[in-house]
Protein chains: 2
Amino acid sequence: MSDDALDHDSLVPLYRQIAARLIHGIEHGDWVAGKRIPSEPTLTQRYGVARETVRAAVRHLRNTGYVHTVPKRGSFVLDRTRHD
Amino acid sequence: MSDDALDHDSLVPLYRQIAARLIHGIEHGDWVAGKRIPSEPTLTQRYGVARETVRAAVRHLRNTGYVHTVPKRGSFVLDRTRHD
DNA sequence: CATCATTTGTTCGTATGTATC
DNA sequence: CGATACATACGAACAAATGAT
């Protein structure tokens, strides 16, 4: 499930690569609407990057309407059915 | 209160323009001795510049004795009354 | 009710690479 | 070349709310 290693030499920033994997996972149904995506520490460890990088990725998901973040709770997948 | 947009075409570097605004704010009493000036992220957003640029501005304030910076806490206005 | 682990928020320090003037 | 500026990324530390036990 998109668990290939990140390409540290790519022109695509790490945070974008991670965002792409998360989006893929969401659209693939790994996490459905209302469910929480992995926490920052979890993603940090999974991808072997700094927390800031993970946060940038999640921020991207938030900005693109894939998730909403609840402080101290996590980021939850949004229902995109009405976002066409 | 010095909230005009920065002049990206000026001969005066952006970090100096930001420093000037901060100094103006300090001397104007926006932040008194002991109080913290806005954080780097806040200033970054407020002025629409890179963090490095903000850091250069704050470094200038530090070098000129306006503030002292505490790692992970912020930059605090110094009491300049006895610096004549 | 108290305690503890989890989780996101915030903040400064540092480094690298790129681009421009 | 040096100064300025942006983007990305890692590190470290503490705060504060939440939820489970």
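For the structure, see preceding data.
Residues numbered from 1 in each chain as written. Chains lettered and ligands numbered in written order. Predicted model: local features only at pLDDT ≥ 70, side-chain atom pairs only at ≥ 80, totals over all residues. Heavy atoms only, no water.

Student: Please explain the overall build of chain A as it appears in this structure.
Tutor: For chain A, the helix and strand inventory stands at three helices and two strands. Starting at the N terminus, the α and β elements of chain A follow one another as α-α-α-β-β. On C-alpha atoms alone, chain A measures out to a radius of gyration of 12 Å, which is about the 12 Å that the 2.2 N^0.38 rule sets for 84 residues. Reported as C-alpha extents along the three principal axes, the dimensions of chain A are approximately 35 × 30 × 20 Å. A sequence separation of at least 24 residues applies to 47% of the contacts in chain A between residues at least 6 apart. (Helix = DSSP H or I, 4+ residues; strand = E, 2+ residues; numbered from the N terminus. Rg over C-alpha atoms; globule rule 2.2 N^0.38 Å. Contact = heavy atoms within 4.5 Å.)

Student: Looking at this model, I keep getting lost on the pairing of strand S1 (residues 67-70) of chain A. Mind explaining?
Tutor: Both faces of the sheet carry side chains from a regular strand, because those side chains alternate between them. Residues and elements named next belong to chain A. In this sheet, strand S2 (residues 74-77) lies alongside S1 in antiparallel orientation, the contact comprising four bridges. Bridged to His-68 within S2 is Phe-76. Linking S1 to S2, which pair antiparallel, is a turn of three residues; within it Lys-72 sits at a positive phi near 70 degrees. (Pairing = 2+ DSSP bridges.)

Student: Any chance you could explain helix H2 (residues 40-47) of chain A here in plain terms?
Tutor: Within an α-helix, residues lying three or four positions from one another point in the same direction, as the helix has 3.6 residues per turn. All names here are of chain A. Of the positions making up H2, those classed as buried are Leu-43, Thr-44 and Tyr-47. An end-on view of H2 places all buried positions within 105 degrees of arc, on one side of the element. The exposed set on the far side of H2, more than 90 degrees from its buried face, consists of Pro-41 and Gln-45. Buried residues along H2 sit in contact with helix H1 (14-28) and helix H3 (51-63). (Buried < 20%, exposed > 50% of the residue type's maximum accessible area, 1.4 Å probe, protein only. Arc of directions from axis to C-beta.)

Student: How should the protein's contact with DNA strand D be read in this particular structure?
Tutor: Every one of the 19 residues lining DNA strand D counts as a neighbour, but Leu-14 and Thr-53 of chain A together with Leu-14, Glu-52 and Thr-53 of chain B are closest to it. In the interface set of DNA strand D, defined as its atoms within 4 Å of the protein, sugar plus phosphate atoms amount to 64%. Contact between DNA strand D and Leu-14 of chain A: a phosphate oxygen at 2.3 Å from a main-chain N or O atom of the residue. Secondary structure elements with two or more residues in the surface near DNA strand D: H1 and H3 of chain A together with helix H1 (14-27) and helix H3 (51-63) of chain B. Class assignment for the residues of the surface near DNA strand D results in ten nonpolar, two polar and seven charged. (Near = heavy atom within 4 Å. Polar contact = N/O pair within 3.5 Å; in protein donor to acceptor, adjacent residues only side chain to side chain. Nonpolar A, V, L, I, M, F, W, Y, C, P; charged D, E, K, R; others polar.)

Student: Would you explain the environment of Gly-25 of chain A in this entry?
Tutor: All names here are of chain A. Along the chain, Gly-25 falls in helix H1. For Gly-25, a relative accessible area of 2% corresponds to the buried category. In sequence terms Gly-25 and Ile-37 are twelve residues apart; their C-alpha atoms lie 9.5 Å from each other. Aside from chain neighbours lying at most four places away, what touches Gly-25 is Asp-30 and Trp-31.

Student: Quick question: what am I supposed to make of unusual backbone geometry here?
Tutor: The bulk of non-glycine residues show a negative phi, and the bulk of peptide bonds are trans. Residue and element names in this part refer to chain A. Despite not being glycine, Lys-72 has its phi angle at roughly 70 degrees, a positive value. Tracing the sequence through the fold places Lys-72 in the loop between S1 and S2. In this structure Lys-72 comes out as exposed when scored by relative accessible area, which is 86%.

Student: Explain the side chain of Thr-53 of chain B to me, please; I cannot follow it from the model alone.
Tutor: Assignment of secondary structure puts Thr-53 of chain B in helix H3. Non-local contacts of Thr-53 of chain B, meaning those with residues more than four positions away in its chain, are made with Leu-14, Tyr-15 and Ile-18 of chain B.

Student: Would you mind showing me how to read the packing of H1 of chain A against H3 of chain A here?
Tutor: The description of two packed helices rests on the angle between their axes and on the distance between the axes. Residues and elements named next belong to chain A. The N-to-C vectors of H1 and H3 enclose an angle of 50 degrees; their axes lie 8 Å apart at closest approach. Classified by the interaxial angle, the pair formed by H1 and H3 is oblique. Viewed along their axes, H1 and H3 form a crossing whose handedness is right-handed. Residues Leu-14, Tyr-15, Arg-16, Ile-18, Ala-19, Leu-22, Ile-23 and Ile-26 of H1 form the contact with H3, whose own contacting residues are Thr-53, Ala-56, Ala-57, His-60 and Leu-61. Here the residues of the contact of H1 with H3 are counted per class, giving ten nonpolar, two polar and one charged. (Axes fitted to C-alpha atoms, helices over the stretch in contact; angles between N-to-C directions. Parallel < 35°, antiparallel > 145°, perpendicular 65-115°, else oblique. Left-handed = near helix turned anticlockwise from the far one by under 90°.)

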